[in-house]
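Chain and residue survey
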Amino acid sequence: MEEQDWVRVVADATWAPSILDTQPWRFVAGPDRLDLFFDRERALPVLDPTGRQQVISCGSALEFAVVALSAAGSDGAVDLLTDDGDPDHLATIEVTGTRDPSDEDRGLAAAIDRRHTVRAPFESRAVPADLVDRLQEEAGLLDTWVKPITRSEEEVATVVLVSRAEEMEQGAAYLAEIQRWMRTDPGAVDGVPVEAVPSGNPHARPSNWLIRDFVAGEREQSPFLPAGDPDAPPPEVEGPLVVLMGTGGDDRYDWLQAGRGLGRILLHATAAGVAASPLTQALDWPATRTRLQSRLSLVGHPQLLVRLGYPPQTPTGAVSGRRPVEDVLTFVPG
Ligand SMILES: Cc1cc2nc3c(=O)[nH]c(=O)nc-3n(C[C@H](O)[C@H](O)[C@H](O)COP(=O)(O)O)c2cc1C
């Protein structure tokens, strides 16, 4: 692979979702391999002290790289957590040969820069069952289960835990960390743009599912959050499909696989016109995470809740930025 080929692959990889758009990754490319490292300088010590959600984020960047590589006509073998003494070395993709990209390879790669987290309420039509089956299969290939939260007692238990977690997330250190990653500059290359977050109180959204309150503590004095239109008709209550993704174990290997599963299902969903937003408050805190495990009688460890549905016809919210490839990719000589 030439350097410019890796630049294209890594540019695609960086479009992966990451917690608070921290993009906690670095890549090193050689002639036939790409190594992925965790970038500790972008850690979230309050919200994600074990690095679980950031390693998941790196896993989805890894899967986006695999998809980009396949569409560019190369096969890659993925090796996770090679035992080379560097705890930040998360994965290696070794180029093993060439391939004729299939229509699916191209379709998934084309979804990479069309996918964005959509937090606005979704349309009321349901996500088709065959797509849900496909997402379960795809994640299953990466050791990750996907459980739709459809039974009403499970939905109630999950909604209650999400709300409880949202209440717990009012501490000063947590709010300061969120605030550090919110962006008002339209040219920002990382962090969550304020316009990507629906304005107004998340408790007043037409949904059972509370999205993360990115501007808690700021709402009163915020100059950038427009007031709602008091004469607007009440919006239809959305009925998203919420799925819980989880793994058998709960270490870095499992987190990487969950991230790869997330990356892959988001691309399949996008290709099918379905949008998503992760909803991970309930999993930030050991207490609510363990409670979710027991309330839903889960075998294994919950890693992510994801809200899926058809996005509103008119796009709402800003697209989050990405760091330039030269900031995240270095080359080793061949
Ligand atoms: C592990 C993980 C957890 C996330 N948790 C949330 C969340 O709780 N609420 C939310 O609105 N977005 C969440 N996100 C989405 C990120 O905020 C989003 O990916 C990032 O801001 C980049 O924007 P994009 O997905 O539109 O490219 C999460 C993403 C990841 C990978």
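Reference entry: report on the structure contained in this document.

How each quantity is defined
Residues numbered from 1 in each chain as written. Predicted model: local features only at pLDDT ≥ 70, side-chain atom pairs only at ≥ 80, totals over all residues. Heavy atoms only, no water. Helix = DSSP H or I, 4+ residues; strand = E, 2+ residues; numbered from the N terminus. Polar contact = N/O pair within 3.5 Å; in protein donor to acceptor, adjacent residues only side chain to side chain. Contact = heavy atoms within 4.5 Å. Near = heavy atom within 4 Å. Areas by Shrake-Rupley, 256 points an atom, 1.4 Å probe, with all protein chains shown as cover. Nonpolar A, V, L, I, M, F, W, Y, C, P; charged D, E, K, R; others polar. Domains from an automatic or database assignment. Phe/Tyr/Trp six-rings, centres within 6.5 Å; stacked < 30°, edge-to-face > 60°. Lys NZ or Arg CZ within 6 Å of the ring centre and 35° of its normal.

1. Regarding the side chain of His-89
Among the structural elements, His-89 can be located in strand β4 (residues 89-98). At 3.3 Å, the side chain of His-89 and the side chain of Thr-92 are in polar contact. Discounting residues that sit within four places of it in the chain, His-89 has contacts with Arg-33, Asp-35, Leu-36, Phe-37, Leu-81, Thr-82 and Asp-84.

2. Examining the site of the ligand
Lining the immediate surroundings of the ligand are 21 residues, of which Arg-115, Thr-117, Arg-119, Thr-280 and Arg-322 lie closest. Within the side chain of Arg-322, an N or O atom sits 2.6 Å from an oxygen atom of the ligand. Protein contact buries 98% of the 630 Å² of open area that the ligand shows by itself. Among the elements that make up the shell around the ligand, the one with the highest residue count is helix α2 (residues 52-71) (three residues). For the shell around the ligand, a count of residues per class yields nine nonpolar, seven polar and five charged. Composition of the shell around the ligand by domain shows at least three residues from each of domain 1 (3-114 + 320-331) and domain 2 (129-309).

3. Description of the packing of aromatic side chains
One pass over the full model with this rule turns up one aromatic pair. Aromatic pair Tyr-174 and Trp-285: ring centres 6.3 Å apart, planes at 45°, arrangement tilted. With Tyr-174 in helix α6 (residues 172-180) and Trp-285 in the loop between α8 (281-284) and α9 (286-295), this residue pair connects regions lying 111 residues apart in the sequence. Lying across the ring of Tyr-310, Arg-125 places its NZ or CZ 3.7 Å from the centre. Of note, Arg-307 hangs over the ring of Phe-122, and the distance from its end group to the ring centre comes to 3.9 Å.

4. With respect to the environment of Ile-19
Structurally, Ile-19 can be placed in the loop between α1 (3-13) and β1 (25-29). For the pair Ile-19 and Ser-102, spaced 83 residues apart in the sequence, the C-alpha separation amounts to 31 Å.

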